[in-house]
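Take a look at the letters that make up each chain.
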Amino acid sequence: MDFSHEEHLIAILASLLKGVGHVAVGVASPIPGSASLLARALSEGSMRVSILGSRADQAWSDTGVEMFDCAAQGRIDAFFFGGGQIDGQANINLVGVGDYPHQRVRWAGSFGSAYLYFLVPRIILFRPEHTRRVMVPKVDFISAPGTSAPNVHRPGGPTALVTDLCLFSFDAGRRRFRLESIHPGHSVEEVRDNTGFDFDVAEPVTETPAPTPDALEAIRGPVAQSIAHTYPLFANRVFGIGEEVAP
Amino acid sequence: MFRPDVDSLVASIRDGARLAVPKTEAGVSMAATRSLIGRGAKDLHLVCVPTSGLQADLLIGAGCVGVIECAGVTMDEYGAAPAFVRAVSKGSIGLVDSTCPALYAGLQAAEKGLPFMPLRGLIGSDIVGRRDDMPVIDNPFAADDPIIAVKAIQPDVALFHAPLADREGNVWIGRQRMLMTMAHAARQTLVTVEDIHDRNLLDDERYGPATIPSLYISAITLAAKGAWPLGLPGRYGEDGGHLAEYCRRAATPEGFAEYLRRNLAIEPTAAE
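Residues numbered from 1 in each chain as written. Chains lettered and ligands numbered in written order. Predicted model: local features only at pLDDT ≥ 70, side-chain atom pairs only at ≥ 80, totals over all residues. Heavy atoms only, no water.

Peer 1: Looking at this structure, how should I read the overall build of chain B?
Peer 2: Counting secondary structure elements, chain B contains 9 helices and 12 strands. The C-alpha atoms of chain B give a radius of gyration of 19 Å, which matches the 19 Å a tight globule of 272 residues would have. Here chain B, with 272 residues, has 59% of them falling under the buried criterion. Restricting the contact set of chain B to residue pairs at least 6 apart, pairs at least 24 apart contribute 73%. Summed over its atoms, the accessible surface of chain B is roughly 10,300 Å², and 50% of this surface lies on carbon and sulfur atoms. (Helix = DSSP H or I, 4+ residues; strand = E, 2+ residues; numbered from the N terminus. Rg over C-alpha atoms; globule rule 2.2 N^0.38 Å. Buried < 20%, exposed > 50% of the residue type's maximum accessible area, 1.4 Å probe, protein only. Contact = heavy atoms within 4.5 Å. Areas by Shrake-Rupley, 256 points an atom, 1.4 Å probe, with all protein chains shown as cover.)

Right, dumping it as structure tokens:
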């Protein structure tokens, strides 16, 4: 069964949500949002999904502080973050490139990362672009640190990193990523060539599995319809549904 | 309490004010924003609760902002906020980078009359490393438990757009409860609304819990479609075509000036 690159990423992220009771999805996250809806569909309804900005898929009667309070109480099990830069210790930078504050490249900002990265047990890093400008030796601004000193209250943190090329796990004790699987058509050498930090390699490294027919059916059906409410441009581009809005 | 129009409402916002505004989808008073730009407001300290988009970008591009305190500025699906990005690289605005829960916590401290609010997370980030108002303190109830203290944020003015007010000056906000926190924390609260109801909102159990009592409201004015081209939850969606066009035009300073001329009939002077 043929599938698009986006559909594959959705399926990979969904596979990392196995066993999660409540996953929350932040802003600017159509693929993680779709993955969460897919994981819920495949969990036969036992998973709760909260998508920020969605009317139908959210757990809260407040659109602001409640999600953060919820996370601090341990009521959110998984969350996604990206990163304009990500380094080998899983520090993430959502602010910009160059000397802060007047950086030559400026992104939107840290959002809730400096908080949720500490408190949500399963943080999945998702950054499609896998290049040396993203996967850097050291980030220019730490929006949120990958690990903390032992006395810092930190029930949460990064557990995985998914890119266009591969899937890494993260070991907070060793403060290092480990390459777990490579997406079809790519190689360990290609990952190394495009990564600015050193990482461990699982033995053996496997090929990332393709989406199952059940997953693809769910993605193209209920998942596409739901995500279109929050991300109409994405749904139009990837699934061809809804009305096109001029870019 | 009731002002005849938006211009007289924003006359209460002096240049240099610390102005709190809500995130894009929570009820942004774009009507008041256009009026501030038209007046040529200067040196605002914009506190975004906790993020912003078109509102901050327009104010920055038009030269109204001295400092922006926020957890993010983005045009969401339409792309980066072009005037914000240019102003940062040029160094023409001051930046107080924050994180969403810290902005909420600062406002919550102010609404309780407290000097600060403790907050988990953040330790070791450059957000706390780059500012002096978020020290690490010791939890007095546990040994060796460092925790962040977020200084209270008391805005001079909270400004937003809501679906409904009543004749008493009570304002219904639905589930956008950060607007309540903003109103509690700020010295003055200015609101544009879609409609004014004759019946007292606080007398109705369905509306009361999501209504800001007039105690906290300084002034209100009617502004139909006052969030346009942004949306207002439960009332109308965003105008995607307009937002896409804004991003396309504002990609250059000339295009931004052209946008102000076409859409606000403003000839920018101090703009970028």
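Peer 1: What am I meant to see in the packing of helix α1 (residues 5-15) of chain A against helix α6 (residues 213-230) of chain A here?
Peer 2: When two helices pack together, you describe them by how their axes are tilted relative to each other and by the distance separating the axes. Residues and elements named next belong to chain A. Packing of α1 against α6 brings their axes to within 10 Å, and their N-to-C directions diverge by 110°. In terms of their interaxial angle, α1 and α6 are classed as roughly perpendicular. Packed against α1, whose contacting residues are E7, I10 and A11, the element α6 presents L216, I219 and R220 at the interface. Partitioned by chemical class, the residues of the contact of α1 with α6 number 4 nonpolar, no polar and 2 charged. (Axes fitted to C-alpha atoms, helices over the stretch in contact; angles between N-to-C directions. Parallel < 35°, antiparallel > 145°, perpendicular 65-115°, else oblique. Nonpolar A, V, L, I, M, F, W, Y, C, P; charged D, E, K, R; others polar.)

Peer 1: Any chance you could explain the domain arrangement of chain A here in plain terms?
Peer 2: Interfaces are frequently sized by the accessible area removed from exposure as the parts join. Residue and element names in this part refer to chain A. Its domain assignment divides chain A into domain 1 (1-78 + 212-247) and domain 2 (82-209). Just the C-alpha atoms count here: the centres of domain 1 and domain 2 sit 21 Å apart. For the pair domain 1 and domain 2, the summed buried area comes to about 1,600 Å², and 75% of that belongs to carbon and sulfur atoms. Counting across the domain 1 and domain 2 interface gives 0 salt bridges. Our count for the domain 1 to domain 2 interface comes out at 6 residue pairs in polar contact (both at pLDDT 80 or more). (Domains from an automatic or database assignment. Buried area = accessible area lost by both parts, 1.4 Å probe. Salt bridge = Lys/Arg side-chain N within 4 Å of Asp/Glu carboxyl O. Polar contact = N/O pair within 3.5 Å; in protein donor to acceptor, adjacent residues only side chain to side chain.)

Peer 1: Looking at this model, I keep getting lost on the pattern of salt bridges. Mind explaining?
Peer 2: Oppositely charged side chains may form a pair once their charged atoms are brought near each other. Tallied over the entire structure, the rule returns 25 salt bridges over all chains. Of the charged contacts in the structure, one is a salt bridge between B:R167 and B:D198, with a shortest N-O distance of 2.8 Å. Highlighted residues: B:R167 in the loop between β8 (157-166) and β9 (171-172) and B:D198 in the loop between β10 (188-197) and β11 (211-212), separated in sequence by 31 residues. Overall, B:D198 belongs to the exposed group, its relative accessible area being 64%. B:R199 is paired through a salt bridge with B:D204; the nearest N and O atoms lie 3.2 Å apart. Among the residues examined, B:R199 registers a relative accessible area of 53% and is labelled exposed. On the basis of relative accessibility, which here comes to 12%, the residue B:D204 falls in the buried class. The structure contains a network of salt bridges with shared partners spanning A:R174, A:R176, A:D198 and A:D200.

Peer 1: Would you take a moment to explain the sheet that holds strand β6 (residues 136-138) of chain B for this structure?
Peer 2: The strands making up a sheet are joined through hydrogen bonds of the backbone, oriented either antiparallel or parallel. Residues and elements named next belong to chain B. An order of β5-β7-β6 is seen for the 3 strands of this open sheet, with the pairing classed as antiparallel. With partners counted over all chains shown, the strands left at the sheet margins are β5 (116-119) and β6, one partner each. The sheet shows a mean angle of 45° between the axes of neighbouring strands, direction not considered. Examined bridge by bridge, β6 and strand β7 (residues 146-151) share 3 bridges and lie antiparallel to one another. What sits directly across from I137, in β7, is I147. Across the face of the sheet, helix α5 (residues 100-111) comes into contact with β5 and β7 while running at roughly 145° to β5. (Pairing = 2+ DSSP bridges.)

Peer 1: What is the right way to look at the domain arrangement of chain B in this model?
Peer 2: All names here are of chain B. Domain boundaries assigned for chain B yield domain 1 (6-100 + 153-264) and domain 2 (116-151). Between the C-alpha centres of domain 1 and domain 2 the distance comes to 29 Å. Listed per partner, the contact involves 6 residues of domain 1 and 5 residues of domain 2. Taken together, domain 1 and domain 2 are joined by 1 salt bridge. For R131, the salt bridge goes to E69, with nearest N and O atoms at 3.7 Å.

Peer 1: Can you walk me through the environment of A:E66 in this structure?
Peer 2: Tracing the backbone through its elements, the reader meets A:E66 in helix α3 (residues 66-72). Assessed through its relative accessible area of 24%, A:E66 is described here as partly exposed.

Peer 1: What am I meant to see in the side chain of A:N93 here?
Peer 2: Relative to the assigned elements, A:N93 resides in strand β5 (residues 92-93). A polar contact of 2.7 Å, which involves the side chain of A:N93, links it to the backbone nitrogen of A:V95.

Peer 1: Whenever I open this one, the sheet that holds strand β9 (residues 135-136) of chain A confuses me. Can you help?
Peer 2: Residue and element names in this part refer to chain A. Within the open sheet, the 3 strands sit side by side as β5-β4-β9. Their pairing is mixed. Strand pairing shows two members of the sheet lacking a second neighbour, β5 and β9, which therefore form its edges. Bridge count for strand β4 (residues 85-87) against β9 is 2 bridges, and the pairing is parallel. Note that in β9 the partner of D87 across the bridge is V136.

Peer 1: Explanation requested: the environment of B:A186 in the structure shown.
Peer 2: All names here are of chain B. The residue A186 is located in the loop between α7 (178-185) and β10 in this model. Residues A186 and P155, 31 residues apart in the sequence, show an inter-C-alpha distance of 4.7 Å. Sequence-distant contacts of A186, that is, excluding residues within four places in its chain, are made with P155, V157 and A158.

Peer 1: Whenever I open this one, the packing of aromatic side chains confuses me. Can you help?
Peer 2: Each aromatic ring pair is described using two quantities: the centre-to-centre distance and the angle formed by the ring planes. According to the stated counting rule, one finds 14 aromatic pairs over all chains in the structure shown. Joined through ring pairs, the aromatic side chains of A:F168, A:F170, A:F177, A:F197 and A:F199 make up one cluster. The ring of A:F118 is capped by A:R154, whose NZ or CZ atom sits 4.4 Å from the centre of that ring. When the ring centre of B:Y236 is taken as origin, the NZ or CZ atom of B:K225, which lies over that ring, is 4.4 Å away. (Phe/Tyr/Trp six-rings, centres within 6.5 Å; stacked < 30°, edge-to-face > 60°. Lys NZ or Arg CZ within 6 Å of the ring centre and 35° of its normal.)

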